[in-house]
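What the coordinates show
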Amino acid sequence: MTYPLRVAVVGTGHVGLVTCASMAAIGHTVVGMDNDEEKIAKLQAGGCPFYEPGLKELLAEQTEVGRLSFTNHVADAVRDADVAFICVGTPPRASGEASMVAVEKAGRDIARAATKEMVVVEKSTVPAGTAGRLAQVLNHERPDRPNLEIASNPEFLREGNAVRDSLEPERILVGAHSQWARERMRELYAPQIDKGHKYIETDIATAELAKHACNAFLAMKISFANALAEMSERSGADVMHVAEVMGADPRIGPAFLNAGLGYGGYCFPKDLQAFGRLAGKLGYDFPLLREIERINTEAVAGVFAKVQELLWNLEDKRVCLLGLAFKPGTDDIRFSPALALADLLIQAGAEVIAYDPEAMHAAKAEAPKLQTASDAYDAAEGAHCLVLCTEWDEFKALDFVRIKNEMDYPVVVDGRNALDAQSLLSLGFTYAGVGRGGLDSEAAMPDA
Ligand code: UGA
């Protein structure tokens, strides 16, 4: 077997599509497969089903040079493939456990369609132990099968930075059992290994567990910062400076210590729950995971309480939300703290008008009660309070003199500590950040 390889990617969601694009970009011949006919038609026509900086262009480039194509049929993708990635969704069940229905089906479909020996790679985030289950599925489907081996190759990309994370990875993690599977995975990643990207080989269970461990640890840093924000407010400290001091210690590091509305998206909330369920199944009580989630839920409740404290009664008040995506750089609103806050405000009787540079379409479908505006100034018109929920750069660069003129009360709640508090205070805004003890304005309703 020699580089380049033939690669099948089953599932063209965020991880799947980025995998398609980056595998093609490093020289392999890739076929992306999805059951969703509309999505595949869009991809075949040169479109991209979601917003991810640089992805549409990379997909178009790789399609044009003939390294990338899309299909609705597993057999078309898997035929002659050397490696098949499973990138299907693992949505949460009501219990918090991740549903493996699509993973099992993908395994079965791949086994049936396989024409030659192949590595079947778990790319979707799955609980430790999934590879064993998948192996049973492969064996059951094809007792006479060509050699199909499983490898775990968790994805560490961040939405909004996915193309770069995938082309220039901080680390590539591959869990495999046999020497043959290890070698094939090394061939797959040869261009990146040659460029010096860190390549870590483990057994399969370790790779599966490590992925959950990374996300849980990052979520823990965020919740730690949010707990510190509470302590800072109560003690008159500024959590941003506390985080700065902590982050200067290389053993701690500055990343993921930003206090605010907390984490959202389709990874941390879902993975934390799934990790907790896995711990329970393994007979280990891991209450720290529950605490991380509790603090995260309270982060939204805390910002809601600030708005309520500042505006007194929320009935008949108009609240402008800037940002709906779960973070900047994406149109993804899944488990977005902004939507959770909007929900609390609407339930309390406030009228909520929101604007996001990329997520309006998705938000309108998800939250029909939410009113939307055409830009930030439009959203601020007549508002009694403006809440920054997602720290898009364009919000940091707003003309706040104009915003103040648009608003009924000049009240800003900075749910991401991303605005220039001093300049807002000097413009006459009432300002409340998260955990900024000495800085927040008096918690009182301003004069009308
Ligand atoms: C996360 C991980 O960062 C990736 O490494 C991982 O591959 C991915 O999940 C996954 O499992 O697929 P992502 O969900 O794209 O990536 O977003 P992050 O950049 O991690 O942000 C997650 C949430 O945490 C966002 O809502 C963000 O606003 C929030 N956050 C982040 C904070 O509240 N404070 C911080 O200091 C950092």
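As the structure is a prediction and not an experimental result, all values here were calculated from the model.

Counting through the fold element by element, Lys-211 comes out in helix H10 (residues 204-235). Not counting chain neighbours up to four residues away, the residues in contact with Lys-211 comprise Thr-125, Pro-154, Glu-155, Phe-156 and Asp-271.

Around the ligand sit 20 residues in total, of which Leu-157, Glu-159, Lys-211, Asn-215 and Phe-326 are the nearest. Between the ligand and Glu-155, the relevant distance is 3.3 Å, taken from an oxygen atom to a main-chain nitrogen or oxygen of the residue. At a separation of 2.7 Å, an oxygen atom of the ligand approaches a polar side-chain atom of Asn-215. Protein contact buries 92% of the 720 Å² of open area that the ligand shows by itself. Only H10 and helix H12 (268-281) provide two or more residues apiece to the shell around the ligand. The greatest single-element share of the shell around the ligand, amounting to three residues, is contributed by H10. Here the shell around the ligand is composed, by residue class, of nine nonpolar, four polar and seven charged. Residues from two domains meet in the shell around the ligand; each of domain 1 (6-202) and domain 2 (203-448) gives at least three.

Here we come to the environment of Val-163. Of note, Val-163 is situated in helix H7 (residues 162-167). Apart from the residues within four sequence positions on either side, Val-163 is in contact with Glu-52, Pro-53, Gly-54, Leu-55 and Leu-58.

This part is about unusual backbone geometry. Negative phi is the rule for most residues except glycine; trans is the rule for most peptide bonds. The phi dihedral of Asp-316 falls on the positive side, at around 70°, and the residue is not glycine. For Asp-316, the position within the fold is in the loop between helix H13 (287-311) and strand S9 (318-322). With a phi close to 50°, Phe-335 is a non-glycine residue in the positive phi region. The class for Phe-335 is partly exposed, based on a relative accessible area of 44%.

Right, let's get into helix H5 (residues 101-113). An ideal rise of 1.5 Å per residue puts 18 Å on 13 residues; H5 measures up with 18 Å between its terminal C-alpha atoms. Among the residues making up H5, those that are buried are Val-103, Ala-106, Gly-107, Asp-109, Ile-110, Ala-111 and Ala-113. Each element contacted by the buried residues of H5 is listed here: strand S1 (6-10), helix H4 (74-78), strand S4 (83-86), strand S5 (118-122), helix H6 (130-141) and strand S6 (148-152).

Cut-offs and rules
- Residues numbered from 1 in each chain as written.
- Predicted model: local features only at pLDDT ≥ 70, side-chain atom pairs only at ≥ 80, totals over all residues.
- Heavy atoms only, no water.
- Helix = DSSP H or I, 4+ residues; strand = E, 2+ residues; numbered from the N terminus.
- Contact = heavy atoms within 4.5 Å.
- Near = heavy atom within 4 Å.
- Polar contact = N/O pair within 3.5 Å; in protein donor to acceptor, adjacent residues only side chain to side chain.
- Areas by Shrake-Rupley, 256 points an atom, 1.4 Å probe, with all protein chains shown as cover.
- Nonpolar A, V, L, I, M, F, W, Y, C, P; charged D, E, K, R; others polar.
- Domains from an automatic or database assignment.
- Buried < 20%, exposed > 50% of the residue type's maximum accessible area, 1.4 Å probe, protein only.
- Expected span 1.5 Å × (residues − 1).

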